[in-house]
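Architecture and fold: a report
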Amino acid sequence: MTEIQKWAVQGRSTDTISIVHCFDSSCLSTLADMEVHLRPETESRLQELAAKTGRAPNDLLEDAMAAYLEELAQVRDMFDGRYDDIKSGRAKLIDGEESFATLRSKSRKLRTGH
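Residues numbered from 1 in each chain as written. Predicted model: local features only at pLDDT ≥ 70, side-chain atom pairs only at ≥ 80, totals over all residues. Heavy atoms only, no water.

1. Details of helix H3 (residues 96-112)
Short version of the rule: Helical segments are the DSSP runs of H or I of at least four residues, strand segments are the runs of E of at least two, and each set is numbered from the N terminus. A helix is expected to span 1.5 Å for every residue after the first. The definition of a polar contact used here is a pair of N or O atoms within 3.5 Å, where within protein one atom must be able to donate a hydrogen and the other to accept one, and adjacent residues in sequence count solely through side-chain atom pairs.
Compared with the 24 Å implied by 1.5 Å per residue over 17 residues, the 24 Å span of H3 between its first and last C-alpha is a close match. The opening residue of H3 is Asp95, an N-cap whose side-chain oxygen sits 3.2 Å from the backbone nitrogen of Glu97. Among the residues trailing H3, Gly113 stands out with phi positive, at a value near 80°.

As structure tokens, this is what we get:
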């Protein structure tokens, strides 16, 4: 069975928000809180968005963290796939300087008509 990850976010004060990282539904009371310290301008933006949307700041932060972690996982999967392509020979590495020289040459030819 795979681990189920849940993020519970609990407000502690106006300048910190605690995040509890859980691996099953019973762990909310057994794990220690992890505090996330926000810059004052970030906290202000969070509070402003909460007021505009009518959503709790904790819910907004939880959604933002979930979206960020999902995006991070997608990027990691993409990099892993590209690495596998290079390792297997399906993709070939190109020298950066050679590539830029080719682009500059093509650009120069388009501008001059030659």
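Next, the rest of the story.
2. Some thoughts on the side chain of Asp85
Under the convention used in this document: Burial classification: accessible surface area is computed with a 1.4 Å probe over protein chains only, and a residue below 20% of its type maximum counts as buried, one above 50% as exposed, and the rest as partly exposed. Throughout, a residue-residue contact means that at least one pair of heavy atoms, one from each residue, lies within 4.5 Å.
By secondary structure assignment, the location of Asp85 is in helix H2 (residues 57-88). According to the relative accessible area criterion, Asp85 is buried, its value standing at 18%. Asp85 has contacts with Arg90 and Ala91, leaving out every residue within four places of it along the chain.

3. Here we look at the pattern of salt bridges
Pairing is possible between side chains of opposite charge, provided their charged atoms come close. For the record, the criterion: By convention in these notes, a salt bridge is any Lys or Arg side-chain nitrogen within 4 Å of a carboxyl oxygen on Asp or Glu.
The full count for this structure, using the stated rule, is 5 salt bridges. Across the pair Asp80 and Arg76 runs a salt bridge whose closest N-O atoms are separated by 3.3 Å. Here Asp80 and its partner Arg76 are both found in helix H2, 4 residues apart, which amounts to about one turn of the helix. By relative accessible area, Asp80 is classed as partly exposed at 31%. Taking the relative accessible area as the measure of exposure, Arg76 reaches 53% and is therefore exposed. The residue Asp85 makes a salt bridge to Arg90 at a minimum N-O spacing of 2.8 Å.

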